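Reading the structure
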Amino acid sequence: PVFEKNGSRLLRPVDAFGGGASLCPGRKFARAQLKAIVANMLLRYEMRFKEEKVPPPPSVKGYFVSRGMPENDVEFEVRNRVI
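Residues numbered from 1 in each chain as written. Predicted model: local features only at pLDDT ≥ 70, side-chain atom pairs only at ≥ 80, totals over all residues. Heavy atoms only, no water.

1. Details of the pairing of strand E6 (residues 76–80)
Strand residues, when the strand is regular, have side chains that alternate between the two faces of the sheet. Judged by how many residues are buried, E6 sits mostly at the surface: zero of five residues are covered. Pairing of strand E3 (residues 45–49) with E6, which is carried by five bridges, proceeds in the antiparallel orientation. Opposite Met47, over in E6, you have Val78 as the bridge partner. (Buried < 20%, exposed > 50% of the residue type's maximum accessible area, 1.4 Å probe, protein only. Helix = DSSP H or I, 4+ residues; strand = E, 2+ residues; numbered from the N terminus. Pairing = 2+ DSSP bridges.)

Written out as structure tokens, the structure reads:
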């Protein structure tokens, strides 16, 4: 299918937050919501790596660093913070 906006053809119609003329109007709201969720979790819960096993940093592949994802599953524990 061919996608158009205002009479112009879109080369990449599906782009997470868009770019240029098709920039997502809710991108700042989404970013603020994610920050609020992380802040709430840090305030309400204690989190630590299970058995204190800290995963190794992401590996560098060629000239580019990976997306920061660990190579294996990372186990961690979460519990309510005691105030």
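2. A few points about a nonpolar patch on the surface
Taken together, Leu34, Ile37, Val38, Met41, Leu42, Met47, Phe49, Val54, Val74, Phe76 and Val78 make up a surface patch of nonpolar side chains, about 1,000 Å² in accessible area. Breaking the nonpolar patch down by element, the ones donating at least two residues are helix H1 (27–44), E3 and E6. Among the elements that line the nonpolar patch, the one with the most residues is H1, at five residues. One can find Met47 in strand E3. (Patch = residues over 30% accessible without salt bridge, like charges linked within 9 Å, V, L, I, M, F, W, Y side chains within 5 Å. Areas by Shrake-Rupley, 256 points an atom, 1.4 Å probe, with all protein chains shown as cover. Salt bridge = Lys/Arg side-chain N within 4 Å of Asp/Glu carboxyl O.)

3. Things to note about the confidence of the model for the protein
Taken residue by residue, the protein gives an average pLDDT of 79. The fraction at 70 or more is 71%. Ranking the helices and strands of the protein by mean pLDDT puts E6 first, with 93, and strand E5 (residues 64–65) last, with 55. (pLDDT = per-residue confidence, 0-100.)

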